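# Summary of structural features
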Amino acid sequence: MPVDENERTTTSEGGQTRVAEMEKTSITESGTPREELVAILTDGVVGAAGGLVGTALMTVALLIGNALGGFDLGSFAVLAELIDLDAIVPAGPAGFFIFLGGGMTTWPLLFAAVEQYLPGSSMRLRGIPYGTVLWTGFVLAFYEGYTGTALVVYLVSTLVGHWLYGFGLGSVFDYFSKRPDTLV
């Protein structure tokens, strides 16, 4: 009986049992290292694009929260002040660009790693609970002593913003996952 080179045979009490052993030697299991590197970089661009779309959607919700008195856009200045960037450039815009950078790098990478464990039938739907998890840290980090109606506006606008972030991020991943040249 011919034996597949990817299988090995072991003996158990009941006789012989075939155990499949996958010998995965690369990320894609095919292609040259250069092709794999290109695929990884392409997926990084997909994640960054998803983060940009998600952050843009979240920014709209935060601007609405700001207009209703429930979010202070100056909160982003803290991010620049943490690294003394405010000594070089205006803290508000610099803080927002730091926020945007995290939304385009760190959070998409984490989403790509954990999305399969989140509830939802598609990546865009799994992005919503992911956004909720991110919101729990955001709502504490950017809280500025809001009370009453302003607190309600703050909580709702930031939560909706994070849902939009996750939905936008997941939508971009969904769109590009159907393309054959990406690993997502």
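Refer to the structure presented above.
Just so it is clear, the model here is predicted, and its values are computed rather than measured. (Residues numbered from 1 in each chain as written. Predicted model: local features only at pLDDT ≥ 70, side-chain atom pairs only at ≥ 80, totals over all residues. Heavy atoms only, no water.)

## Section: the overall build of the chain
Counting secondary structure elements, the chain contains six helices and two strands. In the chain, which comprises 184 residues, the share counted as buried stands at 33%. Put simply, 58% of the contacts in the chain that link residues at least 6 apart link residues at least 24 apart. Only carbon and sulfur atoms are counted for the fraction: they give 66% of the accessible area of the chain, which is about 11100 Å². (Helix = DSSP H or I, 4+ residues; strand = E, 2+ residues; numbered from the N terminus. Buried < 20%, exposed > 50% of the residue type's maximum accessible area, 1.4 Å probe, protein only. Contact = heavy atoms within 4.5 Å. Areas by Shrake-Rupley, 256 points an atom, 1.4 Å probe, with all protein chains shown as cover.)

## Quick look at the packing of aromatic side chains
Across all of its chains, the model carries 17 aromatic pairs by this definition. When the ring of Phe76 is compared with that of Phe99, the centres are 4.7 Å apart and the planes differ by 45 degrees; the resulting orientation is tilted. In this pair, Phe76 is assigned in the loop between helix H1 (33-67) and helix H2 (77-82) and Phe99 in helix H3 (residues 91-104), connecting sequence segments 23 residues apart. With a relative accessible area of 14%, Phe99 lands in the buried category. On the basis of an interplanar angle of 80 degrees and a centroid distance of 6.2 Å, the ring pair of Phe99 and Phe142 is categorised as edge-to-face. In this pair, Phe99 is assigned in helix H3 and Phe142 in the loop between helix H5 (123-141) and helix H6 (148-177), connecting sequence segments 43 residues apart. Here the aromatic cluster, defined as three or more aromatic residues joined through ring pairs, consists of Phe71, Phe76, Phe96, Phe97, Phe99, Phe138, Phe142, Tyr143, Tyr146 and Tyr154. (Phe/Tyr/Trp six-rings, centres within 6.5 Å; stacked < 30°, edge-to-face > 60°.)

## Comments concerning the pattern of salt bridges
Any two side chains of opposite charge can pair, on the condition that their charged atoms come close. This model, assessed by the stated rule, comprises two salt bridges. The partner of Arg124 in a salt bridge is Asp174, with the nearest N and O atoms 3.6 Å apart. Taken together, the residues span a long stretch of sequence, with Arg124 in helix H5 and Asp174 in helix H6 at a distance of 50 residues. Of the residues examined, Arg124 reaches a relative accessible area of 31% and is grouped as partly exposed. Residue classification places Asp174 among the buried positions, given a relative accessible area of 6%. (Salt bridge = Lys/Arg side-chain N within 4 Å of Asp/Glu carboxyl O.)

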